[in-house]
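Structural features, examined
So the chains spell out like this:
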Protein chains: 2
Amino acid sequence: MNKINWSKSEKAAARRAFDTAYKRECDAIIAKLKEMISKATEPEHIWQIHDYLDKQQKNINDKYDYRYSVLILIFARLLSEDWLKKSDLEGLGEDKIKKIEKLAKRVSGAEGS
Amino acid sequence: MNKINWSKSEKAAARRAFDTAYKRECDAIIAKLKEMISKATEPEHIWQIHDYLDKQQKNINDKYDYRYSVLILIFARLLSEDWLKKSDLEGLGEDKIKKIEKLAKRVSGAEGS
(Lines give C-alpha, C1' and ligand atoms only; values in the text may rest on other atoms or scores of the structure.)
Protein backbone atom coordinates (compact mmCIF):
# COMPACT_ATOMS: atom_id res chain seq x y z
CA MET A 1 0.00 0.00 0.00
CA ASN A 2 1.31 3.45 -0.91
CA LYS A 3 2.20 5.80 1.89
CA ILE A 4 -0.91 7.62 3.05
CA ASN A 5 -0.83 11.04 4.63
CA TRP A 6 -3.04 11.86 7.58
CA SER A 7 -3.96 15.45 8.36
CA LYS A 8 -4.17 16.60 11.94
CA SER A 9 -7.97 16.50 11.93
CA GLU A 10 -7.94 13.05 10.28
CA LYS A 11 -5.60 11.79 12.98
CA ALA A 12 -8.06 12.99 15.62
CA ALA A 13 -10.98 11.33 13.80
CA ALA A 14 -8.99 8.12 13.38
CA ARG A 15 -8.18 8.02 17.08
CA ARG A 16 -11.86 8.49 17.94
CA ALA A 17 -12.93 5.68 15.58
CA PHE A 18 -10.21 3.37 16.88
CA ASP A 19 -11.16 4.01 20.52
CA THR A 20 -14.86 3.57 19.73
CA ALA A 21 -14.28 0.15 18.16
CA TYR A 22 -12.01 -0.92 21.00
CA LYS A 23 -14.58 0.09 23.62
CA ARG A 24 -17.39 -1.63 21.69
CA GLU A 25 -15.45 -4.88 21.36
CA CYS A 26 -14.44 -4.80 25.04
CA ASP A 27 -18.07 -4.16 26.03
CA ALA A 28 -19.02 -7.27 24.05
CA ILE A 29 -16.34 -9.27 25.90
CA ILE A 30 -17.68 -8.01 29.24
CA ALA A 31 -21.23 -8.99 28.21
CA LYS A 32 -20.01 -12.47 27.24
CA LEU A 33 -18.15 -12.76 30.57
CA LYS A 34 -21.33 -11.84 32.46
CA GLU A 35 -23.20 -14.56 30.58
CA MET A 36 -20.48 -17.17 31.19
CA ILE A 37 -20.13 -16.43 34.90
CA SER A 38 -23.91 -16.48 35.43
CA LYS A 39 -23.85 -20.15 34.38
CA ALA A 40 -20.61 -21.09 36.18
CA THR A 41 -21.04 -23.77 38.83
CA GLU A 42 -18.20 -26.24 38.23
CA PRO A 43 -14.38 -25.85 38.29
CA GLU A 44 -14.19 -26.53 34.54
CA HIS A 45 -16.25 -23.36 33.92
CA ILE A 46 -13.43 -21.31 35.47
CA TRP A 47 -10.93 -22.68 32.98
CA GLN A 48 -13.34 -22.15 30.11
CA ILE A 49 -13.52 -18.46 31.08
CA HIS A 50 -9.73 -18.38 31.34
CA ASP A 51 -9.37 -19.93 27.85
CA TYR A 52 -11.90 -17.47 26.46
CA LEU A 53 -9.92 -14.54 27.91
CA ASP A 54 -6.62 -15.95 26.61
CA LYS A 55 -8.08 -15.95 23.10
CA GLN A 56 -9.62 -12.51 23.50
CA GLN A 57 -6.36 -11.02 24.74
CA LYS A 58 -4.53 -12.42 21.71
CA ASN A 59 -7.31 -11.24 19.38
CA ILE A 60 -7.35 -7.72 20.85
CA ASN A 61 -3.55 -7.41 20.90
CA ASP A 62 -3.27 -8.55 17.28
CA LYS A 63 -6.07 -6.35 16.04
CA TYR A 64 -5.72 -3.00 17.79
CA ASP A 65 -2.41 -1.81 16.37
CA TYR A 66 -2.49 1.97 16.12
CA ARG A 67 0.08 2.69 13.42
CA TYR A 68 -0.82 4.99 10.55
CA SER A 69 0.90 2.61 8.12
CA VAL A 70 -1.67 -0.14 8.84
CA LEU A 71 -4.68 1.87 10.02
CA ILE A 72 -6.61 1.62 6.75
CA LEU A 73 -6.40 -2.19 6.95
CA ILE A 74 -7.40 -2.19 10.60
CA PHE A 75 -10.41 0.02 9.98
CA ALA A 76 -11.41 -2.24 7.08
CA ARG A 77 -11.30 -5.24 9.37
CA LEU A 78 -13.22 -3.45 12.13
CA LEU A 79 -15.86 -2.36 9.61
CA SER A 80 -16.21 -5.90 8.23
CA GLU A 81 -16.56 -7.28 11.77
CA ASP A 82 -19.16 -4.62 12.67
CA TRP A 83 -17.11 -3.04 15.42
CA LEU A 84 -17.19 0.14 13.33
CA LYS A 85 -20.01 1.67 11.33
CA LYS A 86 -19.39 3.90 8.34
CA SER A 87 -20.60 6.89 10.37
CA ASP A 88 -17.75 6.29 12.87
CA LEU A 89 -15.28 7.15 10.10
CA GLU A 90 -16.62 10.69 9.79
CA GLY A 91 -13.76 13.17 9.66
CA LEU A 92 -11.56 11.03 7.43
CA GLY A 93 -11.05 12.06 3.80
CA GLU A 94 -13.39 10.55 1.22
CA ASP A 95 -10.46 8.73 -0.44
CA LYS A 96 -9.59 6.96 2.80
CA ILE A 97 -13.20 6.01 3.51
CA LYS A 98 -13.53 4.53 0.01
CA LYS A 99 -10.34 2.51 0.47
CA ILE A 100 -11.55 1.25 3.85
CA GLU A 101 -14.94 0.21 2.46
CA LYS A 102 -13.40 -1.52 -0.55
CA LEU A 103 -11.00 -3.47 1.65
CA ALA A 104 -13.75 -4.29 4.15
CA LYS A 105 -15.79 -5.93 1.37
CA ARG A 106 -12.74 -7.92 0.33
CA VAL A 107 -12.10 -9.05 3.92
CA SER A 108 -15.78 -10.07 4.34
CA GLY A 109 -15.66 -11.91 1.00
CA ALA A 110 -12.49 -13.76 2.00
CA GLU A 111 -14.05 -14.78 5.32
CA GLY A 112 -17.23 -15.95 3.64
CA SER A 113 -15.47 -17.97 0.92
CA MET B 1 9.77 -38.00 54.54
CA ASN B 2 9.64 -41.78 54.98
CA LYS B 3 7.53 -43.79 52.60
CA ILE B 4 3.95 -43.87 53.83
CA ASN B 5 1.56 -46.68 53.09
CA TRP B 6 -2.05 -45.96 52.24
CA SER B 7 -4.70 -48.63 52.71
CA LYS B 8 -7.50 -48.95 50.18
CA SER B 9 -10.01 -47.22 52.47
CA GLU B 10 -7.48 -44.47 53.25
CA LYS B 11 -6.98 -43.90 49.54
CA ALA B 12 -10.74 -43.48 49.13
CA ALA B 13 -10.87 -41.05 52.08
CA ALA B 14 -7.88 -39.13 50.73
CA ARG B 15 -9.51 -38.78 47.32
CA ARG B 16 -12.70 -37.47 48.95
CA ALA B 17 -10.78 -34.92 51.01
CA PHE B 18 -8.73 -33.83 48.01
CA ASP B 19 -11.81 -33.38 45.82
CA THR B 20 -13.64 -31.53 48.61
CA ALA B 21 -10.82 -29.01 48.98
CA TYR B 22 -10.53 -28.57 45.22
CA LYS B 23 -14.26 -27.92 44.86
CA ARG B 24 -14.22 -25.50 47.81
CA GLU B 25 -11.33 -23.51 46.44
CA CYS B 26 -12.87 -23.43 42.95
CA ASP B 27 -16.18 -22.26 44.43
CA ALA B 28 -14.29 -19.40 46.09
CA ILE B 29 -12.71 -18.51 42.73
CA ILE B 30 -16.15 -18.54 41.08
CA ALA B 31 -17.50 -16.26 43.83
CA LYS B 32 -14.59 -13.85 43.35
CA LEU B 33 -15.08 -13.92 39.56
CA LYS B 34 -18.78 -13.13 39.98
CA GLU B 35 -17.85 -10.13 42.10
CA MET B 36 -15.14 -8.91 39.66
CA ILE B 37 -17.31 -9.38 36.57
CA SER B 38 -20.34 -7.72 38.16
CA LYS B 39 -18.22 -4.57 38.64
CA ALA B 40 -16.53 -4.71 35.23
CA THR B 41 -17.29 -1.69 33.06
CA GLU B 42 -13.95 -0.75 31.45
CA PRO B 43 -11.55 -2.68 29.18
CA GLU B 44 -8.87 -2.70 31.90
CA HIS B 45 -11.21 -4.73 34.12
CA ILE B 46 -11.15 -7.54 31.54
CA TRP B 47 -7.38 -7.79 31.77
CA GLN B 48 -7.48 -7.63 35.57
CA ILE B 49 -9.83 -10.64 35.51
CA HIS B 50 -7.50 -12.39 33.07
CA ASP B 51 -4.49 -11.74 35.34
CA TYR B 52 -6.45 -13.02 38.34
CA LEU B 53 -7.27 -16.26 36.46
CA ASP B 54 -3.66 -16.67 35.31
CA LYS B 55 -2.56 -16.59 38.95
CA GLN B 56 -5.35 -18.91 40.08
CA GLN B 57 -4.54 -21.45 37.38
CA LYS B 58 -0.91 -21.48 38.44
CA ASN B 59 -1.88 -21.72 42.12
CA ILE B 60 -4.32 -24.58 41.53
CA ASN B 61 -1.95 -26.50 39.26
CA ASP B 62 0.90 -26.19 41.74
CA LYS B 63 -1.19 -27.15 44.72
CA TYR B 64 -3.47 -29.98 43.64
CA ASP B 65 -0.92 -32.68 42.93
CA TYR B 66 -2.48 -36.04 43.74
CA ARG B 67 0.54 -38.22 44.41
CA TYR B 68 0.65 -40.33 47.56
CA SER B 69 4.30 -39.37 48.08
CA VAL B 70 3.34 -35.70 48.63
CA LEU B 71 -0.25 -35.99 49.83
CA ILE B 72 0.52 -35.45 53.51
CA LEU B 73 2.21 -32.15 52.66
CA ILE B 74 -0.66 -31.12 50.41
CA PHE B 75 -3.26 -31.88 53.05
CA ALA B 76 -1.20 -29.90 55.58
CA ARG B 77 -1.19 -26.92 53.25
CA LEU B 78 -4.93 -27.24 52.52
CA LEU B 79 -5.64 -27.47 56.25
CA SER B 80 -3.53 -24.40 57.01
CA GLU B 81 -5.28 -22.46 54.23
CA ASP B 82 -8.72 -23.54 55.50
CA TRP B 83 -9.68 -25.40 52.33
CA LEU B 84 -9.87 -28.51 54.51
CA LYS B 85 -11.22 -28.98 58.01
CA LYS B 86 -9.99 -31.70 60.32
CA SER B 87 -13.33 -33.51 59.90
CA ASP B 88 -12.66 -33.81 56.15
CA LEU B 89 -9.72 -36.08 56.95
CA GLU B 90 -11.96 -38.70 58.53
CA GLY B 91 -11.05 -42.15 57.26
CA LEU B 92 -7.29 -41.55 57.37
CA GLY B 93 -5.24 -43.28 60.05
CA GLU B 94 -4.60 -41.35 63.28
CA ASP B 95 -0.84 -41.28 62.51
CA LYS B 96 -1.44 -39.55 59.19
CA ILE B 97 -3.87 -37.02 60.68
CA LYS B 98 -1.35 -36.16 63.40
CA LYS B 99 1.40 -35.66 60.82
CA ILE B 100 -0.88 -33.47 58.71
CA GLU B 101 -1.89 -31.31 61.69
CA LYS B 102 1.69 -30.93 62.86
CA LEU B 103 2.85 -29.88 59.41
CA ALA B 104 -0.14 -27.56 58.98
CA LYS B 105 0.88 -25.67 62.12
CA ARG B 106 4.42 -25.39 60.82
CA VAL B 107 3.18 -24.07 57.44
CA SER B 108 0.91 -21.52 59.18
CA GLY B 109 3.79 -20.48 61.43
CA ALA B 110 6.10 -20.04 58.45
CA GLU B 111 3.50 -17.94 56.63
CA GLY B 112 2.86 -15.81 59.69
CA SER B 113 6.54 -15.17 60.38
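Residues numbered from 1 in each chain as written. Chains lettered and ligands numbered in written order. Predicted model: local features only at pLDDT ≥ 70, side-chain atom pairs only at ≥ 80, totals over all residues.

Attention shifts here to the overall build of chain A. Within chain A, the regular secondary structure consists of four helices and zero strands. Overall, chain A shows an N-to-C arrangement of helices and strands of α-α-α-α. Its C-alpha radius of gyration of 17 Å places chain A more than 25% over the 13 Å reference for a compact globule of 113 residues. Counting only C-alpha atoms and orienting by the principal axes, one finds that chain A spans roughly 55 × 35 × 20 Å. A burial count over chain A gives 25% of its 113 residues as buried. Nonlocal contacts in chain A, meaning residues at least 24 apart in sequence, comprise 70% of its contacts between residues at least 6 apart. (Helix = DSSP H or I, 4+ residues; strand = E, 2+ residues; numbered from the N terminus. Rg over C-alpha atoms; globule rule 2.2 N^0.38 Å. Buried ≥ 20, exposed ≤ 12 C-beta atoms within 10 Å, placed from the backbone. Contact = placed C-beta atoms within 7 Å.)

Let's shift gears to the confidence of the model for chain A. Per-residue pLDDT for chain A averages 94, and the proportion of residues at 70 or more is 96%. ipTM for the predicted complex: 0.87, alongside a pTM of 0.88. (pLDDT = per-residue confidence, 0-100.)

All names here are of chain B. Inspection of the secondary structure assignment puts Glu10 in helix α1 (residues 8-38). For Glu10, a count of 17 C-beta atoms within 10 Å gives the class partly exposed. For the pair Glu10 and Asp88, spaced 78 residues apart in the sequence, the C-alpha separation amounts to 12 Å. When neighbours within four sequence positions are excluded, Glu10 is seen to be in contact with Gly91, Leu92 and Gly93.

Let us now look at the interface of chain A and chain B. Residue-level contacts link 15 residues of chain A with 15 residues of chain B. Within the residue set of the side of chain A that touches chain B, elements represented by two or more residues are α1 (8-38) and α2 (43-63) of chain A. With eight residues, α1(A) is the largest single contributor of residues to the side of chain A that touches chain B. A breakdown of the residues in the side of chain A that touches chain B according to their chemical character gives eleven nonpolar, two polar and two charged. (Nonpolar A, V, L, I, M, F, W, Y, C, P; charged D, E, K, R; others polar.)

What follows covers the packing of α1(A) against helix α2 (residues 43-63) of chain B. Two elements in contact, α1(A) and α2(B), have axes whose closest approach is 9 Å; the angle formed by their N-to-C orientations is 45 degrees. Between α1(A) and α2(B), the angle falls in the class oblique. The element α1(A) and its partner α2(B) pack so that their crossing is left-handed. Of the residues in α2(B), those in contact with A:Tyr22, A:Lys23, A:Cys26, A:Ile29, A:Ile30 and A:Leu33 of α1(A) are B:Pro43, B:Ile46 and B:Ile49. For the contact of α1(A) with α2(B), the class distribution of residues is eight nonpolar, no polar and one charged. (Axes fitted to C-alpha atoms, helices over the stretch in contact; angles between N-to-C directions. Parallel < 35°, antiparallel > 145°, perpendicular 65-115°, else oblique. Left-handed = near helix turned anticlockwise from the far one by under 90°.)

Taken as rigid bodies, chain A and chain B are interconverted by a rotation of 180 degrees and an axial shift of 0.1 Å, the fit giving an RMSD of 0.1 Å. In the structure described here, the two chain copies are related by an operation that fits a two-fold rotation axis. Looking at the rotation axis and the C-alpha trace of chain A, the residue lying nearest is A:His50, at 3.3 Å. Of all interface residues in chain A, 100% are interface residues in chain B too; the two copies therefore contact each other through one and the same surface. (Least-squares fit on C-alpha atoms with pLDDT ≥ 70 in both.)

We now examine helix α3 (residues 71-80) of chain B. Residues and elements named next belong to chain B. Burial runs high along α3: nine of the ten residues are buried. Considered for burial, the residues of α3 that qualify are Leu71, Ile72, Ile74, Phe75, Ala76, Arg77, Leu78, Leu79 and Ser80. Looking one or two places after α3, you find Asp82, whose phi comes out positive at around 70 degrees.

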